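Read off the chains here:
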Amino acid sequence: MPEGPEIRRAADKVASVLVGRKIEEVVFGLASLKPFEKRLSGRTVTAVDTRGKAMLTRFDNDLTIYSHNQLYGRWYTVRRPRMPKTKRQLRVELCTASHKALLYSASDIAVLDDAGLSAHPFLARVGPDILDRSLTKSQIVDRLQAPRFNNRALGGLYLDQAFLAGNGNYLRSEILWAAGIEPSRKPASLTAADHEKLAAETLKIARRSYRSGGIIVTRELASQLKAEGLSRGRYRFYVFGREGQPCRRCETPIERRTMGSRNLFTCPTCQPP
Ligand SMILES: [Zn+2]
């Protein structure tokens, strides 16, 4: 399942062909959205934003296409008149004079005005986006210390989109390992210095994943491991998917457990109970 960094990269790709351009034709695959085709055709896209796993394609008439990819949704961008080679079901097609952005398979799609956006059940519930450039370390510390979050195990909190949108399963393992924090710990049982460290690693790891296309280890370590002949799947993480292999910091074997019904990877030495 894609996490925040993957969704943000998909949004960047869509933005690169749509933002600032007139959308000559809009086609929706879902019958309920057909009435919006006319209202959006001829308008200009002003921004493509993300809130966690939701994408918001904003138009200059205060309407926004909300789409949540869930498991199967996938965006493509092509230069006209080409079309993507796919057997998936077309859900949204946005055409400029030169390009098309197409969304396939997703079913959670809506066209909303500003009031509709603030009332949308997913958007009303999600926290700030982990990749929002204006999100600061101290805002994350505030959330860690807030009564609604501070008594919950971090392993659960780091999957909860209400805490921080765009977090996901591999980010959870990597961030908690980088901060040296055991996932069953609760923010209330940690020191202020731990909160600072965790907030800093949250921003650092998420932003690195976005920039590198999902590679969490540093660039230096990635080139070293690549030179040793490791495939991308084997070198991209510090702990995620590395059960039984030596910790890249202390060589203790990495452990796997299930938390929030999903695999979580830790180093028992770097993340003491
Ligand atoms: Zn370790």
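Here goes a summary of the coordinates provided. Because the structure is a prediction, the values reported are computed rather than measured.

**Structural notes on the overall build of the protein**
Then step 1. When helices and strands are counted, the protein shows 10 helices and 10 strands.
Then step 2. Relative to its length of 273 residues, the protein is compact, with a C-alpha radius of gyration of 20 Å against a globular reference of 19 Å.
Then step 3. Taken along the three principal axes of its C-alpha coordinates, the protein extends 60 × 45 × 30 Å.
Then step 4. Taken across its 273 residues, the protein has 50% of its residues classed as buried.
Then step 5. Nonlocal contacts in the protein, meaning residues at least 24 apart in sequence, comprise 57% of its contacts between residues at least 6 apart.
Then step 6. Taken as a whole, the protein presents about 12900 Å² of accessible surface, with 49% of it coming from carbon and sulfur.
Then step 7. Looking at charge distribution, the protein has the averaged site of its 46 positive side-chain charges lying 5 Å from that of its 27 negative ones.

**A short note on the sheet that holds strand β3 (residues 54-59)**
Then step 1. Reading across the sheet, the four strands line up as β2-β3-β4-β8 and stay open at both edges, with antiparallel pairing between neighbours. Two strands in the sheet have a free side with no partner beyond their single neighbour: β2 (45-51) and β8 (108-112). Within the sheet, the average angular offset between the axes of one strand and its neighbour, ignoring direction, is 15°.
Then step 2. With five bridges connecting them, strand β4 (residues 64-68) and β8 associate as antiparallel partners. By the bridge assignment, Thr64 is partnered in β8 with Leu112.
Then step 3. Running over the sheet, helix α1 (residues 4-18) touches β2 and β3 and is turned about 175° from β2.

**Side note on the pattern of salt bridges**
Then step 1. Applying the stated rule across the entire model yields 12 salt bridges.
Then step 2. A salt bridge links Arg8 to Asp12; the nearest nitrogen and oxygen atoms lie 2.8 Å apart. A residue pair is termed a helical-turn pair when its members lie 3 or 4 positions apart in one helix, as Arg8 and Asp12 do in helix α1 at four residues.
Then step 3. We classify Asp12 as partly exposed; its relative accessible area is 25%.
Then step 4. Of the charged contacts, one joins Asp49 and Arg58 as a salt bridge, the two residues approaching to 2.5 Å between their closest N and O atoms.
Then step 5. Assessed through its relative accessible area of 25%, Arg58 is described here as partly exposed.

**Side note on the coordination of the zinc ion**
Then step 1. Those protein atoms acting as donors to the zinc ion are Cys247 (SG), Cys250 (SG), Cys267 (SG) and Cys270 (SG), and they sit at 2.2 to 2.3 Å.
Then step 2. Here the zinc ion is ringed by four donor atoms whose angles at the metal span 99 to 117°, and the overall shape comes out tetrahedral.
Then step 3. Sequence spacing among the residues donating to the zinc ion works out to C-x2-C-x16-C-x2-C.
Then step 4. Classification of Cys250 by relative accessible area gives partly exposed; the value is 29%.

**So, the environment of Asn151**
Then step 1. Looking at the secondary structure, you find Asn151 in the loop between α5 (137-145) and α6 (154-157).
Then step 2. Along the sequence, Asn151 and Thr218 sit 67 residues apart, while their C-alpha atoms lie 32 Å from each other.
Then step 3. Beyond its immediate stretch of four places on either side in the chain, Asn151 contacts Lys186 and Ala188.

**Considerations on the environment of Arg125**
Then step 1. When you line up the elements, Arg125 lands in helix α4 (residues 121-125).
Then step 2. By relative accessible area, which is 45% here, Arg125 ends up partly exposed.
Then step 3. In sequence terms Arg125 and Gln70 are 55 residues apart; their C-alpha atoms lie 16 Å from each other.
Then step 4. When sequence neighbours within four positions are dropped, the list of residues in contact with Arg125 reads Asp160 and Ala162.

**A look at the packing of helix α7 (residues 169-179) against helix α8 (residues 192-212)**
Then step 1. At their nearest, the axes of α7 and α8 sit 9 Å apart, and the two run at 135° to each other. For the element pair α7 / α8, the angle class is oblique. By crossing handedness, the relation of α7 to α8 is classed as right-handed. In contact with Tyr170, Leu171, Glu174, Ile175, Leu176, Ala178 and Ala179 of α7, α8 contributes Lys197, Leu198, Glu201, Thr202, Ile205, Ala206 and Ser209.
Then step 2. Of the residues that constitute the contact of α7 with α8, the class distribution is nine nonpolar, two polar and three charged.

**Comments concerning the packing of aromatic side chains**
Then step 1. This structure, assessed with the given rule, holds nine aromatic pairs.
Then step 2. For the ring pair Tyr170 and Phe240, a centre distance of 6.5 Å and an interplane angle of 65° mean the geometry is edge-to-face. Here Phe240 lies in the loop between α10 (232-235) and β9 (255-259) and Tyr170 lies in helix α7, a separation of 70 residues in the sequence.
Then step 3. Its guanidinium or amino end placed over the ring of Tyr170, Arg236 lies 5.5 Å from that ring's centre, counting from NZ or CZ.
Then step 4. In this arrangement the basic side chain of Arg249 is found over the ring face of Trp177, its NZ or CZ atom lying 3.9 Å from the centre.

About the thresholds
Residues numbered from 1 in each chain as written. Predicted model: local features only at pLDDT ≥ 70, side-chain atom pairs only at ≥ 80, totals over all residues. Heavy atoms only, no water. Helix = DSSP H or I, 4+ residues; strand = E, 2+ residues; numbered from the N terminus. Rg over C-alpha atoms; globule rule 2.2 N^0.38 Å. Buried < 20%, exposed > 50% of the residue type's maximum accessible area, 1.4 Å probe, protein only. Contact = heavy atoms within 4.5 Å. Areas by Shrake-Rupley, 256 points an atom, 1.4 Å probe, with all protein chains shown as cover. Lys, Arg positive; Asp, Glu negative; His and termini not counted. Charge placed at Lys NZ, Arg CZ, Asp CG, Glu CD. Pairing = 2+ DSSP bridges. Axes fitted to C-alpha atoms, helices over the stretch in contact; angles between N-to-C directions. Salt bridge = Lys/Arg side-chain N within 4 Å of Asp/Glu carboxyl O. Donors = N, O, S within 2.8 Å, 3.2 Å for Na, K, Ca; no water. Tetrahedral: all angles 85-135°; square planar, octahedral: opposite > 155°, others 65-115°. Parallel < 35°, antiparallel > 145°, perpendicular 65-115°, else oblique. Left-handed = near helix turned anticlockwise from the far one by under 90°. Nonpolar A, V, L, I, M, F, W, Y, C, P; charged D, E, K, R; others polar. Phe/Tyr/Trp six-rings, centres within 6.5 Å; stacked < 30°, edge-to-face > 60°. Lys NZ or Arg CZ within 6 Å of the ring centre and 35° of its normal.

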